[in-house]
Amino acid sequence: MENPTKLAFIGLGTMGAPMAQRLVDAGFEVTVHNRTREREEGIAGAARAESPQRAAEGQDVVFTMVSDTPDLEAVIGGENGAMHGLSAGAVLIDMSTVSPSATQELAEKLASRGVDMLDAPVSGGSEGAKNGTLAVMVGGQAEVLERVRNVLSPLAKTVTYVGPSGSGQLTKAINQVVIAGTYAAVAEGMALGLAAGLEMDAVVTAIAGGAAGSWVLENRSGNMIQGEYPLGFRTRLHRKDLGIALEAARALGVPLPVAALVEQLETGLIKRGYGDEDVSNIARAVRENAGLDD
Ligand code: NAP
């Protein structure tokens, strides 16, 4: 397959819908499928298919963008799953954030049918999906990535090959571990400053240009200071991602105490009904523990 042109996109949620639209707008022939079928109507210029299997039939490349590991297993290997429609020589590009080990198993199953799979999770949020500025981290065979680079370019600012199958998902897990610690540390810093009665905008300006500077400090410390957490990135999805990271870490015998603590704090926030708030609401737990919201 040289320069694929016929694509399917399965999973039209917050991320998948704008990504599918960008592929249509870039001139590819795109067939879409979503479990809640009405959402397919939102993709102007795309053909619709009644199942992942039907969507995958006759395509060069099939994208998947669904919530979690069991959902991916269902849309690929389940009844009427994409696996039953894909032809030998096609490529499946999964852009969901899911388990690295489940990814490897799915890649092996697909390989036995002559289909190559890339794990290509993303960072950059819904803004990145709309604007085509996602950072994509790719696992699988490097030569397969080269064959499909043209279909990733409308979606991404960067496409980085990181290693064999599962490596893209492991890289995304590392991304989520790094931001877990950052969110928690910024939340603690903000709580300390608020308790001391400091002028917090000045504090953030003072430290943002030094070694404490980060995307979280610049873009989310305001939420933490105000005690308001509009989306952003859902807490329940970040906890799902930390679950993936902690499972991989357990299998490798690597303790991740900070990530485990943040996962536990998020579990409490979700239990209390805050799972659909932005992940900066880790500050809610920190502020309440400090008596700042009494
Ligand atoms: P979302 O808005 O909740 O959409 C989830 C999509 O998956 C929907 O199309 C949903 O179909 C479909 N789906 C879920 N379970 C399914 C199942 N069992 N069978 C078939 N389809 C199923 O989620 P999102 O924000 O787009 O996130 C998608 C993936 O990208 C997740 O893995 C997430 O962690 C990752 N991600 C998200 C962001 C972000 O900022 N949102 C950033 C980077 C990565 P229905 O419409 O029928 O529910």
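Quick notes on the rules
- Residues numbered from 1 in each chain as written.
- Predicted model: local features only at pLDDT ≥ 70, side-chain atom pairs only at ≥ 80, totals over all residues.
- Heavy atoms only, no water.
- Salt bridge = Lys/Arg side-chain N within 4 Å of Asp/Glu carboxyl O.
- Buried < 20%, exposed > 50% of the residue type's maximum accessible area, 1.4 Å probe, protein only.
- Helix = DSSP H or I, 4+ residues; strand = E, 2+ residues; numbered from the N terminus.
- Core = buried A, V, L, I, M, F, W, Y, C linked by side-chain atoms within 4.5 Å.
- Contact = heavy atoms within 4.5 Å.
- Domains from an automatic or database assignment.
- Buried area = accessible area lost by both parts, 1.4 Å probe.
- Near = heavy atom within 4 Å.
- Polar contact = N/O pair within 3.5 Å; in protein donor to acceptor, adjacent residues only side chain to side chain.
- Areas by Shrake-Rupley, 256 points an atom, 1.4 Å probe, with all protein chains shown as cover.
- Nonpolar A, V, L, I, M, F, W, Y, C, P; charged D, E, K, R; others polar.

## Details of the pattern of salt bridges
Part 1 of the reasoning: Tallied over the entire structure, the rule returns 15 salt bridges.
Part 2 of the reasoning: E40 serves as the salt-bridge partner of R37, at 2.9 Å between the closest nitrogen and oxygen.
Part 3 of the reasoning: With relative accessibility at 1%, the residue E40 sits in the buried group.
Part 4 of the reasoning: For R272, the salt bridge goes to E288, with nearest N and O atoms at 2.6 Å. Of this pair, R272 sits in the loop between α11 (257-271) and α12 (282-289) while E288 sits in helix α12; the two residues are 16 residues apart in sequence, bridging distant segments of the chain.
Part 5 of the reasoning: Classification of R272 as partly exposed rests on a relative accessible area of 43%.
Part 6 of the reasoning: What emerges from the salt-bridge pattern is a single network uniting R37, E40, E41 and R48.

## Regarding the nonpolar core
The tendency in soluble globular proteins is for nonpolar side chains to be buried side by side.
Part 1 of the reasoning: Formed by 34 residues in total, the largest nonpolar core has its most connected members in F9, M19, F63, I93, M95 and V136.
Part 2 of the reasoning: Elements with a minimum of two residues in this core: β1 (6-10), α1 (16-25), β2 (29-33), β4 (61-64), β5 (91-94), β8 (134-139), α6 (142-152) and β9 (156-163).
Part 3 of the reasoning: Of the residues forming this core, the biggest block, five residues, is contributed by α6.
Part 4 of the reasoning: Once residues lying within four places of it in the same chain are set aside, the contact partners of V136 are M95, A120, P121, V122, A156, T158, V159 and T160.
Part 5 of the reasoning: Formed by 22 residues, the second largest nonpolar core is a distinct cluster that contains A180, A187, L217 and A259.

## Observations regarding the domain arrangement of the chain
Part 1 of the reasoning: For the chain, the assigned domains are domain 1 (6-163) and domain 2 (170-289).
Part 2 of the reasoning: The gap between the C-alpha centroids of domain 1 and domain 2 is 29 Å.
Part 3 of the reasoning: Together, the buried faces of domain 1 and domain 2 total about 890 Å²; carbon and sulfur atoms form 61% of this surface.
Part 4 of the reasoning: For domain 1, the biggest contributors to the area lost against domain 2 are T97, P100 and M137; these three give 47% of the whole.
Part 5 of the reasoning: Applying the counting criterion to the domain 1 and domain 2 interface returns zero salt bridges.

## So, the site of the ligand
Part 1 of the reasoning: Around the ligand, the surrounding shell holds 23 residues, and the nearest of these are T14, N34, T36, R39 and K240.
Part 2 of the reasoning: The backbone of G13 places a nitrogen or oxygen atom 3.3 Å from an oxygen atom of the ligand.
Part 3 of the reasoning: A distance of 2.5 Å is found between an oxygen atom of the ligand and a side-chain nitrogen or oxygen belonging to T36.
Part 4 of the reasoning: Here the ligand, which alone exposes 910 Å², has 87% of that area covered by the protein.
Part 5 of the reasoning: Elements supplying a minimum of two residues to the shell around the ligand: α3 (69-77), α5 (125-131) and α10 (235-252).
Part 6 of the reasoning: Each residue belonging to the shell around the ligand can be placed in one class, and the counts come to eight nonpolar, ten polar and five charged.
Part 7 of the reasoning: Among the domains, domain 1 (6-163) and domain 2 (170-289) are the pair contributing at least three residues each to the shell around the ligand.

## Some points on the side chain of S96
Part 1 of the reasoning: On the secondary structure map, S96 appears in the loop between β5 and α4 (100-111).
Part 2 of the reasoning: For S96, a relative accessible area of 1% corresponds to the buried category.
Part 3 of the reasoning: Separated by 2.9 Å, the side chain of S96 and the backbone nitrogen of V66 make a polar contact.
Part 4 of the reasoning: A distance of 2.7 Å separates polar atoms of two side chains, one belonging to S96 and the other to D94.
Part 5 of the reasoning: Each residue touching S96, except ones within four places of it in the same chain, is listed here: T64, M65, V66, L72, P121 and Q169.

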